[in-house]
Amino acid sequence: MNSDAKQVRWLLVVALTVQFLVSLDMSVVNVALPDIRSDLGFGRDGLLWVVNAYALAFGGLLMLGGRLADLIGSRRVLTAGLVLFGVASLAGGLAQSPGALVAARAVQGAGAAALAPVAFALIALAFPAGPARSRALGLWGMAGAAGGAVGVLAGGLLTDAAGWRSVMLVNVPIVVFALAASVRTGLTARPVRTGARLDVTGALLATAGTTLLVLGLVRTADHSWGSATTLGTLGAAVLLLAAFIAVELRTASPLLRPGLLKGRPVLTANLFCLLLSSGQFAAFYFVSLHLQLVLGYGPTAAGAAFLPFCVGVVAGSVLATRTVATLGTRRLLAAGGAIAALGMAGFAATATADGGFLHSILGPSLVTSFGVGLCFVPLGTAATTGVVPGETGMASGLLNSARQVGGSLGLAVLVTVAAQVTGGGSGRPELAAGHAAAFWVCAGLLAAAALAALVLLPAGERASAPAEPEGAAGVS
C-alpha cells in the first residue's frame, strides 16, 4: 500500500472516530443523570442543563465550525476541537459543583461543533464521488448510529460499575487516540479556500440565532408553547436568523452562501435531515422511557435493548453503499424514509403496558434502523452534490445544523404531544398511551421526509463531484 492510500485510510479512521465520539456524548450522559443529581446536588431544573448546555453550544456553533474548516484548514479545526473536547471531558469528570459540570458540558458542545462538520467534510474532500465515497459515507452513518446506541448502553454500564464520572472520562482516551491517528493522515494546515475572510457579523448572528432557537425548543417542557418565555425566545431567534440571511446576501465571503441551497440535492438533503432527525432523536428518547418506565427495564438492560438498532443500521448502510449508484439518491432516500416510518408505526401500534421486548421493541427497532441506515449514504451524497471543495465545511455545517435543530424541534413537539395524551397521569397505561402518540407523530415525520425526497429530487438523480477531489495529502 502506498503512502497516499495509507493516509486516506487513517483519515477515514479519524473521521469515523470523531463521528462516533460526538454521537456517543449526545446519549452517554442521559442514564447517569439521577446519580449526577444526588452527588452534586442539582435541582430538577438545573439537571436539565447538563443536557441542554451541550445541545446549545453544539447547535449554535455548528455553522461557524464548518466554515472555519474551509478558511483556516481542517487540521487546525480538528486539533482544536479534539483538545477542547478532551479537556472539557476531563474537567467534567472531575467537577465538584453543578456549575462546573454545566460549564464543562458547554465547552464539550463547542468542541463537538468543530468536530462534527470536519468529520463529514474530510470524507467529501478525500474520497472521489462514486463507490469509494459511498463506502465511506456508509461507514460514517454506521459510526454515528453506533455512537448513539453504544452511548445508551455504555452510560448504564459505566454508571453502575464506576460511577457517573466515568461517562465523562471515557471520552479522554478516545480523544487521545484520534489526535494520535490524525498525525498519520497527512493533513496539512493549508485552508481549502484561500483569500477569504471570516464573516464575523454573520457568524455572530447565526450563532446567536441558532442558540436561541435551540434554547426555545429545549425549554418547552418547562415553558408552554404559548408562554411569553417561549414566544419571546423563538421570536428573537427568527429575527436574528432573518438578519443573518440579509447579511449573507450582501457579504463577499458569507458564512453560508445562499446560492448553496439553490441546488435541489443540497436543499432536499437538509430538509430530509431535518425531518429524519426530528423523528429519530425523539424516538430514541421515548423508546428509552418506554423501556424503563413502562416495561420496567433497568439502565443497563435498557441500553442493551438498543443494540438491535445498530444491526439494522449496518444492514441498511451496506445495502445503500452497494445500490446507490444504480438506484440513485431519490429512490434510496424515499425508500429509507418510508421503511423507517413503517418501523415507527410498529412502535406506536405495540406500545402498550403489557408489551415485551420481542413484541414491542425488537421488530420495530430492526425495521426502523434498516430504513434509517438506507438514508445515510444518499443523504451525504446529496448534501455534497455541486459543492466545490472550498465550501465543503459550509455544506457540512449546514447539514449538521439541520440535524441538531431537527432533533431539538422533534423532541420539543413530541414531549408536548405525549404530555397532552397522558394528561398528567403517571401510571403505566397512561405513559404507554403518551409514548404511542409520540411514535405515531415520529412515523408521520419520517413519511414526510420520504415524500420530500420524491417531490424535490428529480427522477434518476445522480450525484457528481464538481471538481477533482483532493487526496489525503492535500486535504487541509
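A.B. asks: So what exactly am I meant to see when it comes to the overall build of the protein here?
C.D. replies: Tallying secondary structure elements over the protein gives 16 helices and 0 strands in all. For 476 residues, the compact-globule estimate of 2.2 N^0.38 gives 23 Å, and the C-alpha radius of gyration of the protein, at 21 Å, lies within 12% of that figure. Taken along its principal axes, the extent of the C-alpha atoms in the protein is 60 × 50 × 50 Å. The buried share among the 476 residues of the protein stands at 55%. If you take every contact in the protein between residues at least 6 apart in sequence, the share linking residues at least 24 apart comes to 86%. For the protein, the accessible surface area stands at approximately 17600 Å², while carbon and sulfur atoms represent 68% of it. Between the averaged position of the 26 positive side-chain charges in the protein and that of its 16 negative side-chain charges there is a distance of 9 Å.

A.B. asks: Is there a simple way to explain the confidence of the model for the protein in this structure?
C.D. replies: Scored by pLDDT, the protein has a mean of 83; 93% of the residues are at 70 or more. Counting interchain partners and residues more than four positions distant, the pLDDT-below-50 stretch residues 463-476 has 47 contacts.

A.B. asks: Can you help me understand the pattern of salt bridges in this one?
C.D. replies: Opposite charge on two side chains permits pairing when their charged atoms draw close. Enumeration over the complete set of coordinates arrives at 2 salt bridges. One salt bridge connects D39 with R165, and the closest N-O pair in it is separated by 3.6 Å. Here D39, found in helix α2 (residues 33-40), pairs with R165, found in the loop between α6 (131-162) and α7 (166-169); they are 126 residues apart in sequence, far enough to count as distant.

A.B. asks: Please clarify how the side chain of Q19 should be interpreted in this entry.
C.D. replies: Checked against the element boundaries, Q19 lands in helix α1 (residues 3-27). The class of Q19 is buried, set by a relative accessible area of 6%. Among residues more than four places away in sequence, those in contact with Q19 are A119, W140, A143 and G144.

A.B. asks: Explain the environment of D354 here, please?
C.D. replies: By secondary structure assignment, the location of D354 is in the loop between α13 (307-350) and α14 (357-383). Residue classification places D354 among the exposed residues on the basis of a relative accessible area of 68%. Expressed as a C-alpha distance, the spacing of D354 and S97, which sit 257 residues apart in the sequence, is 41 Å. Within polar-contact distance, the side chain of D354 engages the side chain of T352 at 2.8 Å.

A.B. asks: How do you make sense of the nonpolar core when you look at a structure like this?
C.D. replies: In globular proteins that are soluble, nonpolar side chains generally tend to be buried together. One finds I36 and L101 to be the most contacted residues of the largest nonpolar core, which totals 114 residues. With 14 residues, the top contributor of residues to this core is α13. What L101 contacts, discounting residues up to four positions off in sequence, is I36, L40, F42, V50, G92, A95, W164 and M168. One finds M63, L260, M394 and A395 within the second-largest nonpolar core, a separate group that totals 14 residues.

A.B. asks: Please clarify how the packing of helix α4 (residues 74-93) against helix α8 (residues 171-182) should be interpreted in this entry.
C.D. replies: For any two helices packed against each other, one specifies the inter-axial angle together with the distance between the axes. One way to put it is that α4 packs onto α8 with a least axis distance of 9 Å and a crossing angle of 160°. Classed by the angle they form, the pair α4 and α8 counts as roughly antiparallel. Of the two possible hands of crossing, α4 and α8 adopt the one that is left-handed. In this structure, α4 uses L78, T79, L82, V83, F85, G86, S89 and L90 to contact α8, whose residues at the interface are N171, V172, V175, A178, L179 and S182. Residues belonging to the contact of α4 with α8 are distributed by class as follows: 9 nonpolar, 5 polar and no charged.

A.B. asks: Even after reading the chapter, I still don't get the packing of aromatic side chains, so can you show me in this structure?
C.D. replies: Aromatic rings in a pair are described by how distant their centres are and how their planes are angled relative to each other. Enumeration according to the criterion identifies 2 aromatic pairs in this entry. With a centroid separation of 5.8 Å and 50° between ring planes, the pair formed by Y54 and F58 is classed as tilted. Here F58 and Y54 lie together in helix α3 (residues 44-72), a separation of 4 residues that amounts to about one turn. As far as the burial class goes, Y54 and F58 line up, both buried.

A.B. asks: Would you take a moment to explain a nonpolar patch on the surface for this structure?
C.D. replies: A cluster of nonpolar side chains, L90, L94 and L169, forms an exposed patch at the surface whose accessible area comes to about 250 Å². Relative to the helices and strands, L94 resides in the loop between α4 and α5 (98-126). The exposed category is assigned to L94, whose relative accessible area is 54%.

A.B. asks: Sorry, what's going on with the side chain of S401 here?
C.D. replies: Here S401 lies in helix α15 (residues 392-422). Relative accessible area serves as the criterion here: at 11%, S401 is assigned to the buried category. Of the polar contacts made by the side chain of S401, one reaches the backbone oxygen of G397; its length is 2.8 Å. Excluding residues that lie within four positions of it along the chain, S401 makes contacts with L62 and M63.

A.B. asks: Is there a simple way to explain α8 in this structure?
C.D. replies: Given 3.6 residues per turn, any residue in an α-helix points the same way as the ones three and four places further on. Taking 1.5 Å per residue, 12 residues should reach 16 Å; α8 reaches 16 Å between its end C-alpha atoms and fits that length. Taken residue by residue, α8 has N171, I174, V175, A178, A181 and S182 as its buried positions. Down the axis of α8, the sector holding all buried residues measures 130°, keeping them to one side. Pointing more than 90 degrees away from the buried face of α8 are the exposed residues P173 and V176.

A.B. asks: When you look at the packing of α6 against α14 in this model, what are you seeing that I'm missing?
C.D. replies: At their nearest, the axes of α6 and α14 sit 8 Å apart, and the two run at 120° to each other. Classified by the angle between their axes, α6 and α14 sit oblique to one another. The interaxial crossing formed by α6 with α14 has right-handed handedness. Side by side, α6 and α14 meet where S134, L137, G138, W140, G141 and A145 of the first sit next to F376, V377, G380 and T381 of the second.

A.B. asks: Would you take a moment to explain the environment of S97 for this structure?
C.D. replies: In this structure, S97 sits in the loop between α4 and α5. Its relative accessible area of 31% is what places S97 among the partly exposed residues. Remark: the alpha-carbon pair of S97 and F42, spanning 55 residues in sequence, is separated by 8.6 Å.

A.B. asks: When you look at the environment of V77 in this model, what are you seeing that I'm missing?
C.D. replies: Along the polypeptide, V77 turns up in helix α4. Assessed through its relative accessible area of 5%, V77 is described here as buried. A C-alpha to C-alpha distance of 7.4 Å links V77 and L115, two positions 38 residues apart in sequence.

About the thresholds
- Sequence order sets the numbering: in each chain, residues are counted from 1 along the sequence as written.
- With pLDDT at 70 or above as the cut-off, local features in this predicted model cover only qualifying residues; side-chain atom pairs require 80 or more to be listed or tallied, and sums for whole chains, interfaces and linings still use all residues.
- Side-chain metrics in this entry use all non-hydrogen atoms of the structure; hydrogen atoms and water are not considered.
- A run of H or I in DSSP counts as a helix once it spans at least four residues, and a run of E counts as a strand once it spans at least two, with each numbered from the N terminus.
- Based on C-alpha atoms, the radius of gyration is set beside the globule rule, defined as 2.2 Å times the residue count to the power 0.38.
- Categorising residues by exposure relies on relative accessible area from a 1.4 Å probe, with only protein chains included: less than 20% of the type maximum marks a residue as buried, more than 50% marks it as exposed, and the intermediate range marks it as partly exposed.
- Contact between two residues is taken to exist if any of their heavy atoms lie within 4.5 Å; hydrogens are not considered.
- Reported accessibility uses the Shrake-Rupley method at a 1.4 Å probe radius. Residues are deemed covered only where the shown protein chains occlude them.
- The charge count includes Lys and Arg as positive and Asp and Glu as negative, but it does not include His or the ends of the chains.
- For this purpose, a charge sits on NZ of Lys, CZ of Arg, CG of Asp or CD of Glu.
- Every residue is assigned a pLDDT by the predictor, reflecting its confidence on a scale from 0 to 100.
- Between Lys or Arg on one side and Asp or Glu on the other, a salt bridge is scored when a side-chain nitrogen of the former is within 4 Å of a carboxyl oxygen of the latter.
- The definition of a polar contact used here is a pair of N or O atoms within 3.5 Å, where within protein one atom must be able to donate a hydrogen and the other to accept one, and adjacent residues in sequence count solely through side-chain atom pairs.
- Take the buried Ala, Val, Leu, Ile, Met, Phe, Trp, Tyr and Cys residues and link them wherever side-chain atoms come within 4.5 Å; each set so joined is a nonpolar core.
- All axes here are fitted lines through C-alpha atoms, helices being fitted over the stretch that makes contact, and every angle between N-to-C directions spans 0 to 180 degrees.
- Roughly parallel here means an angle under 35 degrees, roughly antiparallel means over 145, roughly perpendicular means 65 to 115, and every remaining angle is called oblique.
- Left-handed describes a crossing whose near helix is turned anticlockwise from the far helix through less than a right angle; right-handed describes the clockwise counterpart.
- All residues other than Ala, Val, Leu, Ile, Met, Phe, Trp, Tyr, Cys, Pro, Asp, Glu, Lys and Arg, Gly among them, are scored as polar; the first ten of these are nonpolar and the last four charged.
- Stacked, edge-to-face and tilted labels apply to pairs of Phe, Tyr and Trp rings (six-membered ring for Trp) whose centres lie within 6.5 Å, assigned for plane angles under 30 degrees, over 60, and everything in between, in that order.
- Without a salt bridge and with relative accessible area above 30%, a residue can belong to a patch; like charges are then joined within 9 Å and nonpolar side chains (Val, Leu, Ile, Met, Phe, Trp, Tyr) within 5 Å.
- To estimate how far a helix should extend, the number of its residues minus one is multiplied by 1.5 Å.
- The arc in question is formed by the directions pointing from the helix axis toward the C-beta atoms.

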